[in-house]
Amino acid sequence: MSVVKINVLTVPADQRETLEKRFASRAHAVENSDGFEWFELLRPVEGTNNYLVYTRWRDEKSFQAWMEGPMKTAHQSGDAESSERPRPAASGSALWSFEVVQQAAPKSA
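Residue numbers run consecutively from 1 along every chain, following the written order of its sequence. pLDDT decides what is reported in this predicted model: residues at 70 or higher carry local features, side-chain atom pairs at 80 or more are listed and counted, and totals for whole chains, interfaces and linings draw on all residues regardless. Values shown for side chains rest on all heavy atoms present in the structure; no hydrogens or waters enter the calculation.

### Some remarks on the overall build of the protein chain
Rules: Labels follow the DSSP assignment, with helices taken as runs of H or I lasting at least four residues and strands as runs of E lasting at least two, numbered in each case from the N terminus. For every residue, the accessible area obtained with a 1.4 Å probe (protein chains only) is divided by the maximum for its type, and the residue is called buried under 20%, exposed over 50%, and partly exposed between those limits. By definition, residues are in contact when any of their heavy atoms lie within 4.5 Å. For accessible areas, the Shrake-Rupley method is used with a probe of radius 1.4 Å. Any residue's cover is judged against the shown protein chains and nothing else.
Looking only at helices and strands, the protein chain features 2 helices and 4 strands. In the protein chain, the order of α-helices and β-strands from amino to carboxyl end is β-α-β-β-α-β. In the protein chain, which comprises 109 residues, the share counted as buried stands at 26%. Counted over contacts in the protein chain with a minimum sequence separation of 6, partners at least 24 positions apart contribute 69%. Working note: accessible area of the protein chain is about 7,900 Å², and carbon and sulfur atoms make up 52% of it.

### Focus: the sheet that holds strand S1 (residues 3-10)
In plain terms, the rule: For two strands to be treated as a pair, DSSP must find no fewer than two bridges joining them. Between N-to-C directions, angles span 0 to 180 degrees; the directions come from axes that are lines fitted to C-alpha atoms, helices contributing only their stretch in contact.
Spatially, S2-S3-S1-S4 is the arrangement adopted by the 4 strands of the open sheet, whose pairing is antiparallel. Edge positions in the open sheet fall to strand S2 (36-42) and strand S4 (92-99), since each of these has one partner strand only. With strand direction ignored, the average angle separating the axes of adjacent strands in the sheet is 15°. Pairing of S2 with strand S3 (residues 50-57) involves 6 bridges; the strand directions are antiparallel. Note on S3: the bridge partner recorded for leucine 41 is valine 53. On top of the sheet, helix H1 (residues 16-25) reaches S1, S2 and S3; it is set at about 20° to S3, its chief contact.

### Concerning the packing of aromatic side chains
We count it as follows: The criterion for an aromatic pair is that two Phe, Tyr or Trp rings (for Trp, the six-membered ring) have centres within 6.5 Å, with stacked assigned to planes under 30 degrees apart, edge-to-face to planes over 60 apart and tilted to the rest.
Inspection of the entire model under this criterion finds 5 aromatic pairs. With a centroid separation of 5.5 Å and 75° between ring planes, the pair formed by phenylalanine 36 and tryptophan 57 is classed as edge-to-face. With phenylalanine 36 in strand S2 and tryptophan 57 in strand S3, this pair connects stretches of sequence that are 21 residues apart. Assigned by exposure class, phenylalanine 36 and tryptophan 57 land together as buried. Plain terms: the ring middles of tryptophan 57 and phenylalanine 63 are 5.8 Å apart, the flat faces sit at 65° to each other, and that makes the pair edge-to-face. When sorted by exposure, tryptophan 57 lands in the same class as phenylalanine 63, which is buried. One aromatic cluster is present, formed by Phe36, Trp57, Phe63 and Trp66 through successive ring pairs.

### A look at the side chain of arginine 56
The test is simple: Under the rule applied, a polar contact is a pair of N or O atoms within 3.5 Å (in protein, one hydrogen donor and one hydrogen acceptor; residues adjacent in sequence only if both atoms are side-chain atoms).
Its location among the elements puts arginine 56 in strand S3. Using a relative accessible area of 18% as the deciding quantity, one classes arginine 56 as buried. Within the structure, arginine 56 has its side chain in polar contact with the side chain of glutamine 103 (distance 2.4 Å).

Set out below in structure tokens:
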């Protein structure tokens, strides 16, 4: 079954808008990657400064190929106007990894 990767980003309140705009600007960057199945950016509602970046992949190999290719390239590119990398919006991050062992979808009407 699929693998799920959740990147837990600690984002100070004054950087939330910046983070969301950066994700929006490259919203389709992952969609054509081999083995990619799903993406969600989850904004915290209360009690935490942690955003969750949820991605689902066919297998670990597909995720690693994306990490070493398109994702690495996207994070190394600088600002088009200044040729500098922008300051990170997150003050910390952790990557959680899971295997999907059960899943359910709504039944058709």
